[in-house]
Amino acid sequence: MKLLYADASPFARKVRAVAYELGLQDRIALDFIKAVPGAEPNRELGAANPLRKIPTLLLDDGRSIYDSTVICEYLDGLVPEIALIPSDGAQRAEVMTEHALANGLMDAAVGLRYETAVRPEDARWPSWIADHWDRIDTGLDWFEANSGRLAEPINLAQIALGCLMGYLDFRFAEKGWRSNRPKIAAWGETMLSRPSFTETVPAG
Ligand SMILES: N[C@@H](CCC(=O)N[C@@H](CS)C(=O)NCC(=O)O)C(=O)O
């Protein structure tokens, strides 16, 4: 298998962290891809994924799998002894909803990066920026208020939350997401020190 990725992408990091947690990291070759909206289209990426987004996983038989959540589900299914996504209906819905929240906050954070570093300065939209920071704050507050959920055995939602924290540290350290959130700040210290995270730190 080959993963089209960039180390700065929190979605690609989620897939890589999942691979580490499942012990599959050595079965996945990495191929660095530049994917920036509004830039010259990357046709190589587009041939594998018409959305031209990373991560995209290329299987040995030539098929592609995307997006990051589908790739994680696929990898999780390769290792029956470990379940990062519970199979039971109610538990699964709970974990996947928490994952949807953490993943949606990553979407907001990546969107903020594009809006503030890629979009031409005279075309930026301050109220969109404020609204998306408010969503991130509200979402992090939800995890702080429900931090008991993070004591569960490691799952896909927790990995996505770790990737969000790592991305905020990487791109928006000045925002200080840990302020007034001592519970998830402490949890994040432990999470980000797992090998699945220390081996996938963005280079910068
Ligand atoms: N829903 C997608 C989001 C992936 C995504 O937004 N990736 C970004 C990099 S972090 C990307 O490829 N951006 C290029 C673009 O939007 O043109 C997933 O979960 O894989």
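Preceding this section is the structure that the text describes.
Scoring rules and cut-offs
Residues numbered from 1 in each chain as written. Predicted model: local features only at pLDDT ≥ 70, side-chain atom pairs only at ≥ 80, totals over all residues. Heavy atoms only, no water. Helix = DSSP H or I, 4+ residues; strand = E, 2+ residues; numbered from the N terminus. Rg over C-alpha atoms; globule rule 2.2 N^0.38 Å. Buried < 20%, exposed > 50% of the residue type's maximum accessible area, 1.4 Å probe, protein only. Contact = heavy atoms within 4.5 Å. Areas by Shrake-Rupley, 256 points an atom, 1.4 Å probe, with all protein chains shown as cover. Lys, Arg positive; Asp, Glu negative; His and termini not counted. Charge placed at Lys NZ, Arg CZ, Asp CG, Glu CD. Phe/Tyr/Trp six-rings, centres within 6.5 Å; stacked < 30°, edge-to-face > 60°. Lys NZ or Arg CZ within 6 Å of the ring centre and 35° of its normal. Polar contact = N/O pair within 3.5 Å; in protein donor to acceptor, adjacent residues only side chain to side chain. Near = heavy atom within 4 Å. Nonpolar A, V, L, I, M, F, W, Y, C, P; charged D, E, K, R; others polar. Salt bridge = Lys/Arg side-chain N within 4 Å of Asp/Glu carboxyl O.

Undergrad: Kindly report on the overall build of the protein, identifying the contributing residues and their values.
TA: The number of helices and strands found in the protein is eight helices and four strands. Helices and strands in the protein line up, N terminus first, as β-α-β-α-β-β-α-α-α-α-α-α. Its C-alpha atoms give the protein a radius of gyration of 17 Å, near enough to 17 Å, the size a compact globule of 204 residues would have. Taken along its principal axes, the extent of the C-alpha atoms in the protein is 45 × 45 × 30 Å. By residue count, 45% of the 204 residues in the protein fall in the buried class. Considering only residue pairs separated by 6 or more positions, the protein has 68% of its internal contacts joining residues 24 or more positions apart. Only carbon and sulfur atoms are counted for the fraction: they give 52% of the accessible area of the protein, which is about 10,400 Å². With 22 positive and 29 negative side-chain charges, the protein shows a separation of 4 Å between the mean positions of the two kinds.

Undergrad: Could you give an account of the packing of aromatic side chains, with specific residues and numbers?
TA: Tallying each qualifying case throughout the model produces four aromatic pairs. Arranged with centres 6.4 Å apart and planes meeting at 90°, the rings of Tyr5 and Phe32 form a pair that is edge-to-face. Residue Tyr5 is located in strand 1 (residues 2-5), and its partner Phe32 is located in strand 2 (residues 29-32); the two are separated by 27 residues in the primary sequence. Classification of Tyr5 by relative accessible area gives buried; the value is 13%. Both rings, one in Trp142 and one in Phe143, keep their centres 5.2 Å apart while their planes meet at 85°; by these two values the pair is edge-to-face. Taken together, Trp133, Tyr167 and Phe172 form an aromatic cluster joined through their ring pairs. If you follow Lys175 out to its NZ or CZ, it ends over the ring of Trp133, 4.6 Å from the centre.

Undergrad: Outline the side chain of Asn155, supporting the account with residue identities and numerical values.
TA: Within the element layout of this structure, Asn155 appears in the loop between helix 5 (126-145) and helix 6 (156-171). Engagement of the side chain of Asn155 in a polar contact is seen with the backbone nitrogen of Ala157, the distance being 3.0 Å.

Undergrad: Which residues make up the site of the ligand, and what values go with them?
TA: With respect to spatial proximity, 13 residues lie near the ligand, and among them Ser9, Lys53, Ile54, Ser68 and Tyr114 are the closest. Separating an oxygen atom of the ligand from a side-chain N or O atom of Lys53 is a distance of 3.2 Å. Contact distances for the ligand include 3.3 Å between a nitrogen atom and a side-chain N or O atom of Asp67. Of the residues assigned to the shell around the ligand, the class counts are eight nonpolar, two polar and three charged.

Undergrad: An account of the pattern of salt bridges is needed here, citing residue identities and associated values.
TA: Per the stated rule, a full pass over the model turns up 13 salt bridges. A salt bridge links Arg135 to Asp131, with the shortest nitrogen-to-oxygen separation between them at 2.6 Å. Taken together, the positions of Arg135 and Asp131, both in helix 5 and four residues apart, correspond to about one turn of that helix. Accessibility expressed as a relative area gives 45% for Arg135, which makes it partly exposed. Among the ionic contacts, a cluster of salt bridges with common partners joins Glu94, Glu98, Arg149 and Glu152.

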